[in-house]
Amino acid sequence: EMLMRRAAVAVAVLVAGADAFSTGGFLLPTTKTRSGASSVSAMRMTHEPASVSRRAAFVTAAGVALTLQAPEKANAAGSTTATFKINTFEGVKGDVVFELYPDKAPKTVEAFKKYADLGLYDDSAFFRVATFLKKGVLFGGDPYTKESKYCMKDLEGKDMCSDGNSYGKDGFLSTGLRNSKDDSTGARAKFGKGGPDGWRRDSISLVKLEPEFNTGITHAKGVITMRRFDNPKSAGSQFIICMSDMSDELDGNYAAFGKVTSGIELLEKILKVDTGKAEAALRFPRDDKKQEAIWPAFDLPNTRQGIDKVTVN
């Protein structure tokens with residue numbers, strides 16, 4: 001707005017009297033070409049009739065105004081971001097920002113935004129922090145990881161609830177190094193099974209996300225993709241963040257829809273936390289004839305890797 005006001009002032013001044021400048025003439029600033037040479041951006045407006053000078057001044061200033069306005073419009077158009085507010089037991093805090101790609105994965109971005117707006121991701125946690133053969137992923141997006149009670153509707157509209165308290169107020173699980181008396185193994189048994197109302201892992205789920213597997217977005221480090229199960233339409237609210245190149249395991253079978261633009265260092269710290277045995281081995285189902293990747297089950301974080309809030313703008 002400030003730039004546009006300045007441009008408007010310039011127009012007013014020039015139209016009011018371009019011939020009122022010194023007899024040395026009026027010269028717009030020079031610009032640099034790609035070759036580095038200087039070039040004059042406008043002709044000297046001298047010894048012309050006042051009406052001609054004013055008209056030329058108006059056209060030139062209007063062009064400047066449009067030039068100043070264009071980048072702002074370009075930046076605003078089609079820009080969608082998701083901000084994760086991270087808050088872990090170890091004290092890792094801050095924002096991780098993702099650029100989302102509604103032009104390439106419109107249905108997936110729409111679903112993710114819907115779940116964020118519903119608060120499914122607020123007060124949740126990363127529930128699988130997996131590394132294998134120099135590769136790594138973070139699994140999140142399950143509302144059953146909330147520390148407060150969460151209920152989702154089953155196919156008949158009945159509540160299926162987790163009481164929360166999966167880590168408890170102390171924020172850690174009992175291990176050989178320390179004991180915790182306020183966490184719930186029953187709540188943790190539901191990890192990976194939660195989602196929006198009516199969702200199930202199988203084909204009778206009431207929630208079906210149309211697969212957008214061929215968006216041209218490769219699963220490189222920092223890419224976020226929706227978690228799916230054996231059915232290609234089985235994605236709910238859960239997501240995977242690639243912490244290494246996962247193109248061999250995921251490309252063509254998962255709906256990538258965004259990538260980290262800032263805060264990747266926070267996720268790298270989470271990837272290094274101690275983990276214990278999860279409920280089952282970590283599978284990466286696929287639909288083609290290639291063999292799916294299966295990683296060991298030792299990826300349950302021993303401490304809470306919290307996500308306070310996810311906001312999509």
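See above for the structure.
Now for a look at the structure at hand. Since this is a predicted model, take the numbers as computed values, not measurements.

Notes on the overall build of the chain
Helix and strand counts for the chain stand at 6 helices and 17 strands. Sorting the 313 residues of the chain into buried and exposed places 45% on the buried side. Long-range pairs, those at least 24 residues apart, make up 64% of the contacts in the chain with a sequence separation of at least 6. Only carbon and sulfur atoms are counted for the fraction: they give 55% of the accessible area of the chain, which is about 16,500 Å².

What about the pattern of salt bridges?
Overall, the coordinates contain 18 salt bridges when judged by the stated rule. With its nearest N and O atoms 3.4 Å apart, the salt bridge here joins R304 to E147. Linking R304 in the loop between strand 16 (300–301) and strand 17 (305–312) with E147 in the loop between strand 7 (135–140) and strand 8 (150–153), this pair joins segments that are 157 residues apart in sequence. Accessibility expressed as a relative area gives 11% for R304, which makes it buried. Ionic pairing is found between E156 and K158, a salt bridge with its closest N-O pair at 3.6 Å.

Quick word on a nonpolar patch on the surface
Judged by side-chain polarity, L155, I204 and L206 come together as a nonpolar surface patch covering roughly 280 Å² of accessible area. Its place among the elements puts L206 in the loop between helix 4 (185–188) and strand 10 (223–226).

Digging into the sheet that holds strand 6 (residues 128–132)
Strand order in the open sheet made by the 9 strands is 5-17-3-4-12-10-11-7-6, with antiparallel pairing throughout. Every other strand in the sheet has two partners, leaving strand 5 (124–125) and strand 6 as the edge strands with one partner each. For strand 10 and strand 12 (residues 256–262), the ladder comprises 3 bridges, and the chain directions are antiparallel. Bridging from a neighbouring strand, V223 pairs with K259 of strand 12. Lying on the sheet, helix 3 (residues 106–118) is in contact with strand 3 (80–88), strand 4 (93–100), strand 10, strand 11 (239–242), strand 12 and strand 17; it crosses strand 17 at an angle near 115°.

Here we look at the state of the cysteines
A full pass over the atoms with the stated rule returns 1 disulfide. Between C151 and C161 runs a disulfide, and the two sulfur atoms are separated by 1.9 Å. Every disulfide takes its handedness from the sign of the S-S torsion; for C151 and C161 that torsion is 105°, giving right-handed. Here C151 is found in strand 8, whereas its partner C161 is found in strand 9 (residues 159–162), with 10 residues between them in sequence. With a relative accessible area of 27%, C151 lands in the partly exposed category. Overall, C161 belongs to the partly exposed group, its relative accessible area being 27%.

Brief notes about the pairing of strand 6
Where strand 6 and strand 7 come together, 5 bridges link them in antiparallel fashion. Paired with F132 across the bridge in strand 7 is K135. If you look at the hairpin formed by strand 6 and strand 7, you'll find 2 residues sitting between the two strands, and L133 has a positive phi there, around 50°.

Focus on the packing of aromatic side chains
Taken as a whole and assessed by the stated rule, the structure comprises 15 aromatic pairs. Here F112 and F239 contribute two aromatic rings whose centre-to-centre distance is 6.1 Å and whose plane-to-plane angle is 70°, an arrangement assigned as edge-to-face. Here the residue F112 occupies a position in helix 3, and F239 occupies one in strand 11, the gap between them amounting to 127 residues. Here the two residues F112 and F239 agree in accessibility, since each one is buried.

Observations concerning the layout of surface pockets
Put simply, the largest pocket is a space of about 390 Å³. If you go around the largest pocket, you meet 22 residues; those closest to its centre are R128, R201, R227, E279 and A280. Its residues assigned to classes, the lining of the largest pocket shows 12 nonpolar, 2 polar and 8 charged.

What about the nonpolar core?
Of all hydrophobic cores here, the largest spans 41 residues; its most connected members are F84, F98, F112, F126, F239 and L267. Not counting the four nearest positions on each side in its chain, F98 is found in contact with T80, T81, A82, F84, G222, I224, I241, K259, V260, T261 and L267. Core analysis: the second largest hydrophobic core is formed by 18 residues, Y167, F191, I240 and L282 among them.

Structural notes on empty space enclosed by the protein
Enumeration according to the criterion identifies 3 cavities of 30 Å³ or more in this entry. If you add up the space inside the largest cavity, you get close to 50 Å³. In this structure, the largest cavity is lined by T108, L209, E210, P211, E212, F213, M226, R228, P232, A235 and A255. Residues of the lining of the largest cavity, tallied by class, amount to 7 nonpolar, 1 polar and 3 charged.

Comments concerning the environment of P285
On the secondary structure map, P285 appears in the loop between strand 14 (282–284) and strand 15 (293–295). Along the chain, P285 and D230 lie 55 residues apart, while their C-alpha atoms are 5.7 Å from each other. Beyond its immediate chain neighbours, meaning those up to four positions away, P285 contacts R228, F229, D230, N253, Y254 and E292.

Conventions we followed
- Residues numbered from 1 in each chain as written.
- Predicted model: local features only at pLDDT ≥ 70, side-chain atom pairs only at ≥ 80, totals over all residues.
- Heavy atoms only, no water.
- Helix = DSSP H or I, 4+ residues; strand = E, 2+ residues; numbered from the N terminus.
- Buried < 20%, exposed > 50% of the residue type's maximum accessible area, 1.4 Å probe, protein only.
- Contact = heavy atoms within 4.5 Å.
- Areas by Shrake-Rupley, 256 points an atom, 1.4 Å probe, with all protein chains shown as cover.
- Salt bridge = Lys/Arg side-chain N within 4 Å of Asp/Glu carboxyl O.
- Patch = residues over 30% accessible without salt bridge, like charges linked within 9 Å, V, L, I, M, F, W, Y side chains within 5 Å.
- Pairing = 2+ DSSP bridges.
- Axes fitted to C-alpha atoms, helices over the stretch in contact; angles between N-to-C directions.
- Disulfide = S-S within 2.5 Å.
- Phe/Tyr/Trp six-rings, centres within 6.5 Å; stacked < 30°, edge-to-face > 60°.
- 1 Å grid on protein atoms, 1.4 Å probe; cavity = no way out; pocket = protein on both sides within 12 Å on 5 of 7 lines; lining within 4 Å.
- Points joined across faces, edges and corners; volume = space filled by probe spheres on them.
- Nonpolar A, V, L, I, M, F, W, Y, C, P; charged D, E, K, R; others polar.
- Core = buried A, V, L, I, M, F, W, Y, C linked by side-chain atoms within 4.5 Å.

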